[in-house]
Structure formats: C-alpha cells, structure tokens
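# Fold and geometry: a report
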Amino acid sequence: MPETLPPDSVGLVQPQIAKFDFVLPLQSGRALPRFELVYETYGELNAARSNAVLICHALSGHHHAAGYHSMDERKPGWWDSCIGPGKPIDTRRFFVVCLNNLGGCHGSTGPRSINPETGHRYGPDFPVITVKDWVQSQARLADYLGIHKWAAIVGGSLGGMQALQWAIDLPERVHHAAIIASTPKLTAQNIAFNEVARKAITSDPDFHGGRYHEHNTIPKRGLMLARMIGHITYLSDLSMGEKFGREMRDKVFKYGFDVEFEVERYLNYQGERFSETFDANTYLLMTRVLDYFDPARDYDNSLVEAVSQAQCSFFIAAFTSDWRFSPERSEILVNALVEADRRVSYAEIDAPDGHDAFLIPTPRYMDVFATNMNRIADEVNA
Amino acid sequence: MRADLELIENWIKPGSRLLDLGCGDGTLLHHLRETKNTRGYGLEINPDHINTCITKGLSVIEQDLDVKGLANFKTNSFDYVIMTQALQAVMHPDRMLDEMLRLSKQCIITFPNFGHWTCRWYLGRYGEMPISRSLPYTWYNTPNIHLCTFKDFENLCSQKNLQILNRTVVDREHRNRWFIHMWPNMMGEIAIYHLSR
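So, a few notes on the structure that sits alongside this text. (Residues numbered from 1 in each chain as written. Chains lettered and ligands numbered in written order. Predicted model: local features only at pLDDT ≥ 70, side-chain atom pairs only at ≥ 80, totals over all residues. Heavy atoms only, no water.)

The next point concerns the interface of chain B and chain A. Chain B puts 20 residues into the contact, and the matching count from chain A is 21 residues. Note on chain B versus chain A: buried area summed over both sides is about 1700 Å², and carbon and sulfur give 45% of it. The interface formed by chain B and chain A contains six salt bridges. B:Lys68 is paired through a salt bridge with A:Glu348; the nearest N and O atoms lie 3.4 Å apart. (Contact = heavy atoms within 4.5 Å. Buried area = accessible area lost by both parts, 1.4 Å probe. Salt bridge = Lys/Arg side-chain N within 4 Å of Asp/Glu carboxyl O.)

On the surface, a cluster of nonpolar side chains totalling about 510 Å² of accessible area is made up of B:Leu123, B:Met129, B:Trp139 and B:Tyr140. Examined against the element boundaries, B:Trp139 turns out to sit in the loop between helix H6 (117-126) and helix H7 (150-159). (Patch = residues over 30% accessible without salt bridge, like charges linked within 9 Å, V, L, I, M, F, W, Y side chains within 5 Å. Areas by Shrake-Rupley, 256 points an atom, 1.4 Å probe, with all protein chains shown as cover. Helix = DSSP H or I, 4+ residues; strand = E, 2+ residues; numbered from the N terminus.)

For the structure on display, the rule yields zero disulfides over all chains. The thiol of A:Cys105 is unpaired, and the distance to the nearest cysteine sulfur, on A:Cys98, comes to 14 Å. (Disulfide = S-S within 2.5 Å.)

Here the structure, examined in full by the defined rule, presents 30 aromatic pairs over all chains. Between A:Phe253 and A:Tyr255, the ring centres sit 5.9 Å apart and the planes meet at 90 degrees, which makes this aromatic pair edge-to-face. Feature note: the residues A:Trp78, A:Trp79, A:Phe315, A:Phe319, A:Phe358, A:Tyr365 and A:Phe369 constitute an aromatic cluster, connected by ring pairs. The ring of A:Phe325 has A:Arg324 sitting right over it, with the charged end atom 5.4 Å from the ring centre. Here the guanidinium or amino end of B:Arg125 rests over the ring plane of B:Tyr126, the centre of that ring lying 5.1 Å away. (Phe/Tyr/Trp six-rings, centres within 6.5 Å; stacked < 30°, edge-to-face > 60°. Lys NZ or Arg CZ within 6 Å of the ring centre and 35° of its normal.)

So this is what it looks like as structure tokens:
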C-alpha cells in the first residue's frame, strides 16, 4: 500500500467492461453467444489513434497491469515495472490497453460466468479457447475502442504468443510485436508440467468434474499443487538458491514432514494464496491454451510460412536462466523471422530470475526494452 | 563520410539483403540502407551497440559468433555477408570465412594489417608485441587473437580457392594514399576485401 503514489506510476486506475452482444465463433467449432471483456487503459489515445499498445497477459495474469485500484491496494498491477510515465512502455507517449482474456476469472466471460443458454455458471462447459480465439476477441475490443492498428502488441510468456498470433492472423492491424520470454510452441516437457498441474486439480475430490460451485466448494488442494509446480518452473535453481538456500524456520531438524525449509513455506504460501482467488476451470483452460499454441500448424508445420504472413517489426527478448521458455526457444522464432525476411531484433538478457525475469526490472532488460519502445513511439508519432 | 563506407557502398547492389557480423553501432548497415536501400541484420553482443542499432531502426540480433557460429542461418540466404574489423577477433577465422561464403556468394571483409611497417618496426626495435593507436592492446588482454598480414590472408584465400574480386588498402583513417599501393603489405593499415567463392 503506497502512502503517496510514486511519480512513475500511472496512479489510480479503474477497470472497465466492454460488452459484446454478438456471437463469437471459436476455433473448436463451438461459439460464445455473447461475451464481456474487462480491461484497463493507461495514458491517452492520440488524435490519429496511432499510439495504442495492447498488453497481453500470461497464464495467471489479468487486466490490472499497472497502477493501483485504491490507496489500500497492497501491490500495483502485475507489470507496473514496465508500464508508466518514463518506464519502457511510456504512458506519456502510449495509450496502453490491458484486458483479462476470455476464459479468465477476473471479470471477463469465463467458466465462472453465467451461461445465457442455461442460466447457470459455465463451469467445465465453458468452451476450450485458443490463442487464435483470444486474438479475435481482442480485435473486437480494438474495434470497440476505435483502434484500427496497434502501435505495438506486447506480451511475456503466454502473452508473447498472443502478440505473435496477432502478427500472423491480423497483420494489417499490428505495427510492432514485442515477444518476451516466449516460444513459438510448447515442448513435451512444458506440456508434461501442464498435465501434472491439471491432474492435481482434476484428482482433487472437491473438483466434482468441474462443478465444484454446485457443491459449494473449490478444489483448493489441487489448485494449490498446480500453482506450486508451476511456480517452480517460473524460478531458476539459482534464484531459488539465492532466495531460500537451505534456510529453515527453526535451526534443528524435526524429523517429520511438516514445513521446515523456507522454500517449502514459500511454495505453500504461494499455492495457498493463489488457490483462494483463482478459478480451477480457468487454470485448466489456460494450460490447454498453452499446449495447443502452435501457429505453424496452420501452415503445413512451417513456422517460416506462418511468420511470413506478418508485416510488422518484431522485438524478441529471452533470459539466460529461463528454463521454461529458454533463449533457444526464442531463437527458433528469430531464425524463422530471418528466413522469412521479416524485421526482427533479439536480445538475450543475462538475468538470474528464471522465467519470472520478464516481470523483474533488471537494468539491461529495461534499457533495451525502453530503447525499442521509444523507437516504436517515434515511428507512430506518439 | 568514412572512406570505407563509401568503398563498400560501391560494391553493394541496390536492394540487397545483408548480414553484418559484429555490426557495432550499425553505422554501415544504416548507411547502406539510406544509400542503397538494403535490408538485413546485424549480429552484435555489445548491449550499448544493440541499443544504438535499435534506435536507428535496424534489425540487430544478439549472437556471439564464437559460441553459436552462423549455423542458424540458411545457405545462400544473403546477397552479402560483411565483417568489418572483427575477423581477427574470432576463434576460428578460417571456418568463419567458410561459413560466411556458405551464407552468400559474396563477402566483404576488413581487418588490420599486422604486416604494416609500424608493427614490423616495433617488433624489430623493441622485440615486443606492437602497441599502437590502431592496435592498442597488450598481448595478454587483446580481443585480437588472430592478427595476420594481408599476405597471410591472401594465402588463406588461395588455399581455399576463394576469389578476391577487389581489394582496397587504406590507412587508419580509411584514406586511400598513393604510397600504399606501391607496397600494400608494408604501407596499408586496413584492407577491405571483396571475396567470392
């Protein structure tokens, strides 16, 4: 909770809701009869409507990317380190939009919403969404906001996948895509971790086939385990070592199986907090979105062919200690873009924080990211 | 304008696709884009240089040639591969040359001449590795681990059956002086080679 707002904060912000009263066809063949998206904006849209930046969130993210909802809020938005006056995504120049994706649990239409066809919550009946579907829904939001072409679409991890899919699916509406700590598709190992997370949730006796709300319960233990395993993949051996080492609550062994090591305490705390706020069906959905993402699939499994659709310039960044989506994975995308003769710059940033590094303002990262975004602001006359 | 830029510019066909190895602050790529409407990529590892390239709107890729080589680029995928003042600093200059000529039929390479009379004089007079304004490092902490003379380089080219399409020898300020042509391996400080396989 800040006593006064920091000068480089976007300040107090308020979420808004956009309602779409038409059918959204989905990649699966199913459709949403109508939908709502909750979003926040920071900065001002210029007269030419050329300075809009779309922020795409990652697995557990949402629309609250920067600033504070109230003076009582404990922490600012999830990417406050990068969005604000004088920050890499400079709100003095850009009009920034961040939404909660379809299928989310922070206010946009998702498993917790009421299905207009039944009058009950969607729960497990909510259709499985894909990154392509998200791009289509985000394009409807862009129409609603009067933005024909984004100056930039920016995202880390799963957010970067959305930026890439935008560039491929709606090339005329993207001036620039910034794809950070991401990958053009998941590996077997990535999918395996997701499956363990899903199994943790679905095997919780409180899961009830996804209809836990009807039983007035939530699969808390399953969701907690899912978050714990996920969290391990977001950190690196090094950063965990630096944060916790082998520190123990008490200095002596208790010869039991309760929490004794600090790292255990931390994981339990993270898992617990997450399981109280996040929706289990959304978690299942988000991990599936990740698994299915593979834009090359639409182009005979050729990533080069896929990215040849794009017209925008690209900025790709990866972090040395990220083993979830390692630099090699970003380089696959860079190489495909080079082969497709697209404009791309790539930075491999030395950072110890693992996958989470994309949220952490290390100086080199902030420098190169800000340099890139300033260049984009110049290009679109922001 | 730097004389070497003008020289290189004359060899480049308009609209070409380039790869600049160790592109520095992107001066050459930027110049060629403005004058010859070229496109392409620079490889660089210095963070400040990478930022400068991005500011100029150039495509720059962070890639360490000694670690990753050029294996990630496709055969014949560029019109020219360029390497200015960096060949002497790579781990395997001979393999680098092969790789460059895999990526494109034509290469442009510049490097400092260790056979320049000042180097010869320094070594002869002091019996120590030469230190000068163009080669300011001590032997133990120099990035220039493979210094050679023009003659050395041309021997390597003929061993590899590479064609030297053009060679221009200049002084440190990239000026083209008459006396350099009399005795290039003695008087030239920097050579700009235009090679083809």
